Amino acid sequence: MYEVTSDNRLKSLIVVGDRVLIRPKSPNDRTNSGLYLPPTVTEREQVQSGYVIKVGPGYPIPVAVEEEPWKETEEKVKYMPLQSKEGDLAIYLQRNAIDLEYDGQQYVIVPQASILMLERSEDLYD
């Protein structure tokens, strides 16, 4: 698994909103019977899996309006956090994913709503 460390450039990335940065697992290039599949077939599958690298802050929560609208206040944005955490194995819908390459690695950015299931290793966060 590729992790975010202080010596790589992923630490400086900021994922916005309810999006998740995922490094896709290498797809199986064989069928169960042993036949090799061309890359165009494996890349077009509807459901893919990969490791969560970075997570956005979440869904913004609207701020309640005070009774005195003319009063100067500093708006503090609050977010409802996402379910996915760094290190999770995510199974997501490929059609909603945006492919990109960063530092020679392939990544996808997926909205939280496109993630179907997460596999979390409990000992990872203890």
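None of these values were measured; they are calculated from a predicted model. (Residues numbered from 1 in each chain as written. Predicted model: local features only at pLDDT ≥ 70, side-chain atom pairs only at ≥ 80, totals over all residues. Heavy atoms only, no water.)

Participant: Requested: an account of the overall build of the protein chain, with residues and values cited.
Facilitator: The number of helices and strands found in the protein chain is one helix and eight strands. Looking at the protein chain as a whole, 27% of its 126 residues are labelled buried. Pairs at least 24 apart in sequence give 72% of the contacts found in the protein chain among residues at least 6 apart. Carbon and sulfur atoms form 51% of the exposed surface of the protein chain, whose accessible area is close to 9,500 Å². (Helix = DSSP H or I, 4+ residues; strand = E, 2+ residues; numbered from the N terminus. Buried < 20%, exposed > 50% of the residue type's maximum accessible area, 1.4 Å probe, protein only. Contact = heavy atoms within 4.5 Å. Areas by Shrake-Rupley, 256 points an atom, 1.4 Å probe, with all protein chains shown as cover.)

Participant: Residues and numbers for the nonpolar core, please.
Facilitator: If you look at the biggest cluster of nonpolar residues, it comprises 10 residues: Val-20, Ile-22, Val-52, Leu-82, Ala-90, Tyr-92, Ala-97, Val-108, Val-110 and Ile-115. When residues of this core are traced back to their parent elements, those giving at least two are strand S1 (19-24), strand S5 (89-93) and strand S7 (105-111). If sequence neighbours within four positions are ignored, Val-20 has contacts with Val-15, Val-52, Lys-54, Leu-82, Ser-84, Val-108, Ile-109, Val-110, Gln-112 and Ile-115. Among the nonpolar cores identified, the runner-up in size contains six residues, and Leu-21, Ile-53, Tyr-102 and Tyr-107 belong to it. (Core = buried A, V, L, I, M, F, W, Y, C linked by side-chain atoms within 4.5 Å.)

Participant: Describe the sheet that holds strand S6 (residues 98-102), with residues and values.
Facilitator: Across a sheet, paired strands are connected by hydrogen bonds in the backbone, their directions being either parallel or antiparallel. In space, the six strands of this open sheet follow the order S6-S7-S1-S2-S5-S8, with antiparallel pairing throughout. The open sheet has two edge strands with one neighbour each: S6 and strand S8 (115-119). Neighbouring strand axes in the sheet, compared pairwise and without regard to direction, differ in orientation by 40° on average. (Pairing = 2+ DSSP bridges. Axes fitted to C-alpha atoms, helices over the stretch in contact; angles between N-to-C directions.)

Participant: Account for the environment of Val-77, with residues named and values stated.
Facilitator: Among the structural elements, Val-77 can be located in the loop between strand S3 (59-61) and strand S4 (78-80). Classification of Val-77 as exposed rests on a relative accessible area of 53%. Residues Val-77 and Pro-62, 15 residues apart in the sequence, show an inter-C-alpha distance of 7.9 Å.

Participant: Can you explain the pairing of S7? Please cite residues and give values.
Facilitator: Here S1 runs beside S7; their pairing, made up of four bridges, is antiparallel. When the sheet's bridge partners are listed, Ile-22 is paired in S7 with Val-108. When S6 meets S7, the two strands line up antiparallel, connected through five bridges. Across the sheet, Ile-98 pairs through a bridge with Ile-109, a residue of S7. Hairpin remark: S6 followed by S7, antiparallel, with two residues in the connecting loop; positive phi at Asp-103, about 55°.

Participant: Can you explain the environment of Ile-61? Please cite residues and give values.
Facilitator: By the secondary structure assignment, Ile-61 is in strand S3. Placed 16 residues apart in sequence, Ile-61 and Val-77 show a C-alpha to C-alpha distance of 7.3 Å. Sequence-distant contacts of Ile-61, that is, excluding residues within four places in its chain, are made with Lys-78, Tyr-79 and Met-80.

Participant: Mind laying out the environment of Arg-19, listing which residues take part and the relevant values?
Facilitator: As for its placement among the helices and strands, Arg-19 is situated in strand S1. For Arg-19 and Tyr-59, which are 40 residues apart along the polypeptide, the C-alpha to C-alpha distance reads 9.3 Å. In contact with Arg-19, not counting residues within four places along its chain, are Val-55, Gly-56, Leu-82, Ile-109, Val-110 and Pro-111.

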